[in-house]
Amino acid sequence: MSQEAARGASVAVGDLNLEGAEKTASVIQEAGGVAIAVGGDAADAAVAGAAALIRRELGSVAILVNKAGVTACQPLVSMGEDAWDRMIGINLKGPFLVTRELVPDDTPLARQGPVDIGAAAAHLPMKRAGRPEDVAYAVAYLASEEAGYVTGQTLGTNGGRHLV
Ligand SMILES: NC(=O)c1ccc[n+]([C@@H]2O[C@H](COP(=O)([O-])OP(=O)(O)OC[C@H]3O[C@@H](n4cnc5c(N)ncnc54)[C@H](O)[C@@H]3O)[C@@H](O)[C@H]2O)c1
């Protein structure tokens, strides 16, 4: 946060812990930067209100850092559903809600309208939309004996949409 402020950005520090956010904002202000603290739960739809406040106070959004997160330091086999729901709620739903409300204004993501899948697929390196069997082959590989030593991977099956 202070790195962004040092480069001239106004910073909204959002955190469930308002006191902590205020301390961070003070550090930035004391160093001559512009900062506000906003308390709130990143995994709650009320984040829309915080987003409106931030735009009102600081103007358009240029950079978004999704940093709120929690870790459940326990083995999966002994983890309760409550701990799982909390972790997924904050770590997964949180960035969805925050990004939806605060996606930087000048990005293709913010400007994008409805997409014509057929037209979009024509621009893929493979020149076509994905078929169910494309995914099935990837699943078959990951589930095969041959992939017995492959763990924890994400196998991109996207026709070249993500090349890196
Ligand atoms: N610290 C590391 O080395 C490290 C490494 C890899 C991944 N991570 C991941 O990064 C995330 C943050 O880790 P950290 O070490 O900075 O933790 P941290 O506890 O120091 O900071 C997390 C911050 O998020 C805030 N927060 C928690 N839930 C929130 C919510 N619902 N809404 C708004 N704010 C919320 C907390 O108040 C805290 O200020 C975690 O998901 C962690 O697993 C951390």
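The rules behind these values
Residues numbered from 1 in each chain as written. Predicted model: local features only at pLDDT ≥ 70, side-chain atom pairs only at ≥ 80, totals over all residues. Helix = DSSP H or I, 4+ residues; strand = E, 2+ residues; numbered from the N terminus. Rg over C-alpha atoms; globule rule 2.2 N^0.38 Å. Near = placed C-beta within 6 Å. Nonpolar A, V, L, I, M, F, W, Y, C, P; charged D, E, K, R; others polar. Domains from an automatic or database assignment. Expected span 1.5 Å × (residues − 1). Buried ≥ 20, exposed ≤ 12 C-beta atoms within 10 Å, placed from the backbone. Arc of directions from axis to C-beta. Contact = placed C-beta atoms within 7 Å. Core = buried A, V, L, I, M, F, W, Y, C linked by C-beta atoms within 7 Å. Pairing = 2+ DSSP bridges. Axes fitted to C-alpha atoms, helices over the stretch in contact; angles between N-to-C directions. Left-handed = near helix turned anticlockwise from the far one by under 90°.

A.B. asks: Tell me about the overall build of the chain, and name the residues and values.
C.D. replies: Each helix and strand in the chain was counted, giving 7 helices and 2 strands. Along the chain direction, N to C, the helices and strands of the chain fall in the order α-β-α-β-α-α-α-α-α. Computed over its C-alpha atoms, the radius of gyration of the chain comes to 21 Å, more than 25% above the 15 Å expected for a compact globule of 164 residues. Dimensions of the chain along its principal axes, counting C-alpha atoms only, are 60 × 45 × 30 Å.

A.B. asks: How would you explain the site of the ligand if you had to name every residue and give the values?
C.D. replies: The ligand sits among 14 residues. The nearest are Leu-16, Ala-42, Ala-68, Gly-69 and Thr-71. The dominant element in the shell around the ligand, judged by the number of residues it contributes, is helix α4 (residues 81–102), at 3 residues. Looking at side-chain class alone, the shell around the ligand contains 6 nonpolar, 6 polar and 2 charged residues.

A.B. asks: Residue-level account of the domain arrangement of the chain, with values.
C.D. replies: As far as domains go, the chain holds domain 1 (2–111) and domain 2 (117–147). With centres defined by C-alpha atoms, the gap from domain 1 to domain 2 works out at 34 Å.

A.B. asks: Outline unusual backbone geometry, supporting the account with residue identities and numerical values.
C.D. replies: A positive phi is found at Lys-127, a non-glycine position, where the angle reads about 60°. Tracing the backbone shows Lys-127 in the loop between α6 (117–122) and α7 (132–143).

A.B. asks: So, helix α3 (residues 47–58): which residues are in play, and what are the values?
C.D. replies: Owing to its 3.6 residues per turn, the α-helix brings residues three or four apart onto one side. The terminal C-alpha atoms of α3, which comprises 12 residues, lie 16 Å apart, in line with the 16 Å expected from a rise of 1.5 Å per residue. Buried residues of α3: Val-47, Ala-50, Ala-51 and Ile-54, and no others. One side of α3 holds all its buried residues, which, seen down the axis, span an arc of 100°. Opposite the buried face of α3, at more than 90 degrees from it, the exposed residues are Ala-52 and Arg-56. The secondary structure elements touched by the buried residues of α3 are β1 (11–15), β2 (35–39) and α4. Gly-59 lies just past α3 and shows a positive phi near 90°.

A.B. asks: I'd like a rundown of the environment of Gly-8, residues and numbers included.
C.D. replies: By the element assignment, Gly-8 lies in the loop between α1 (2–6) and β1. Put simply, Gly-8 and Gly-159 are 151 residues apart on the chain and 39 Å apart in space, counted from C-alpha to C-alpha.

A.B. asks: Report on the environment of Gly-118, specifying residues and quantitative values.
C.D. replies: Mapping Gly-118 onto the fold places it in helix α6. Looking at Gly-118, the number of C-beta atoms within 10 Å reads 9, which means it is exposed. The spacing of Gly-118 and Ala-129 is 11 residues in sequence and 6.9 Å in space, taken between C-alpha atoms.

A.B. asks: Explain the nonpolar core residue by residue, including any values.
C.D. replies: Val-13, Ala-25 and Val-47 are the most contacted members of the largest nonpolar core, which has 17 residues in total. Residue contributions to this core peak at 4 residues, all from α3.

A.B. asks: Which residues make up the pairing of β1, and what values go with them?
C.D. replies: As a general feature of sheets, a regular strand has side chains that alternate between the two faces. In terms of residue burial, β1 counts as a mostly covered element, since 5 of its 5 residues are buried. Burial along β1 is two-sided: Val-11, Val-13 and Asp-15 facing one way and Ala-12 and Gly-14 facing the other are all buried. Both β1 and β2 contribute to a ladder of 5 bridges, which runs parallel. Each bridged residue has a counterpart across the sheet, and for Val-13 the counterpart in β2 is Ala-37.

A.B. asks: Would you mind going over the packing of α3 against α4 in detail, with residue names and values included?
C.D. replies: Closest axis-to-axis distance for the α3/α4 pair is 9 Å, and the angle between their directions is 35°. Taken as a pair, α3 and α4 cross one another with a handedness that is right-handed. Residues Val-47, Ala-48, Ala-51 and Ile-54 of α3 form the contact with α4, whose participating residues are Leu-97, Val-98, Glu-101 and Leu-102. Taken together, the residues of the contact of α3 with α4 sort by class into 7 nonpolar, no polar and 1 charged.

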